[in-house]
Amino acid sequence: MDEFTRIVMWVNRIGSSEVLATEISRNTKKAKEVISLLSKYGLVRESRKGRLRIVSLSPKGLEVYRYLEMAKRVVYGEGPAGEPVEEAEPEVAGAELPSFARDNPWLKVLAEKVRPRVSA
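Rules of the game
- Residues numbered from 1 in each chain as written.
- Predicted model: local features only at pLDDT ≥ 70, side-chain atom pairs only at ≥ 80, totals over all residues.
- Heavy atoms only, no water.
- Pairing = 2+ DSSP bridges.
- Helix = DSSP H or I, 4+ residues; strand = E, 2+ residues; numbered from the N terminus.
- Salt bridge = Lys/Arg side-chain N within 4 Å of Asp/Glu carboxyl O.
- Core = buried A, V, L, I, M, F, W, Y, C linked by side-chain atoms within 4.5 Å.
- Buried < 20%, exposed > 50% of the residue type's maximum accessible area, 1.4 Å probe, protein only.
- Contact = heavy atoms within 4.5 Å.
- Axes fitted to C-alpha atoms, helices over the stretch in contact; angles between N-to-C directions.
- Parallel < 35°, antiparallel > 145°, perpendicular 65-115°, else oblique.
- Nonpolar A, V, L, I, M, F, W, Y, C, P; charged D, E, K, R; others polar.

Visitor: I tried to follow the pairing of strand β3 (residues 52-57) on my own but got confused; where do I start?
Guide: Where a strand is regular, its side chains alternate between the two sheet faces. Note: strand β1 (residues 19-20) against β3, two bridges, orientation antiparallel. Bridged to Val19 within β3 is Val55. In this sheet, β3 lies alongside strand β2 (residues 44-49) in antiparallel orientation, the contact comprising six bridges. Paired with Arg45 across the two strands is Ser56, which belongs to β3. Counted along the chain from β2 to the antiparallel partner β3, the turn is two residues long, and its residue Gly50 has a positive phi close to 70°.

Visitor: Would you explain the pattern of salt bridges in this entry?
Guide: Side-chain pairs of opposite charge can arise whenever the charged atoms involved come near each other. What the rule picks out here adds up to four salt bridges. The salt bridge partner of Arg6 is Glu33, with a shortest N-O separation of 2.8 Å. In this pair, Arg6 sits in helix α1 (residues 3-14) while Glu33 sits in helix α3 (residues 28-40), placing the two residues 27 residues apart along the sequence.

Visitor: Looking at this structure, I do not really get the environment of Ser39. What am I missing?
Guide: Within the fold, Ser39 resides in helix α3. Residues Ser39 and Leu57 lie 18 residues apart in sequence; the distance between their C-alpha atoms is 9.6 Å.

Visitor: In this structure, what is going on with the nonpolar core? I would like to understand it.
Guide: Burial of nonpolar side chains together is a common tendency in soluble globular proteins. In terms of nonpolar packing, the biggest core is built from 18 residues, with Val11, Ile14, Ile24, Leu38, Val55 and Leu57 touching the most fellow members. Those elements giving two or more residues to this core turn out to be α1, α2 (21-24), α3, β3 and α4 (59-75). Among residues more than four places away in sequence, those in contact with Ile24 are Trp10, Arg13, Ile14, Val19, Ala31, Val34, Ile35 and Val55.

Visitor: Before we go on, may I ask you to explain the packing of α1 against α3 in this structure?
Guide: The packing of two helices is summarised by the inter-axis angle and the distance between the axes. Relative orientation of the contacting elements α1 and α3 amounts to 105°, with a least axis distance of 10 Å. Judged by the inter-axis angle, α1 sits roughly perpendicular to α3. Residues Glu3, Arg6, Ile7, Trp10, Val11 and Ile14 of α1 form the contact with α3, whose own contacting residues are Lys30, Glu33, Val34, Leu37, Leu38 and Lys40. The residue makeup of the contact of α1 with α3, split by class, is seven nonpolar, no polar and five charged.

In structure tokens:
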């Protein structure tokens, strides 16, 4: 597998959240190799929380990930290239939303800012 294909695969696997190095690969040598490859191009950030190695995409890596997501939409026919696809609002099954949550524009803003974190 060529280097570019490996980079694309690992950027897609890490995604927009933080992951533990062991989630990249249980083989520590392989995980270090992947992190080194992605660091070479400035695509990842690495931090430590105690004994855990936390890896997340850098702004450049997140941009690559967004382009990969757009490419998936084009391949699977979910929208034309270059145009953002409007995501449908999730429906709450079986329950009516409380009055404070109905038509509250801040809930959408907050939902867009949420980024999953790994807690130690």
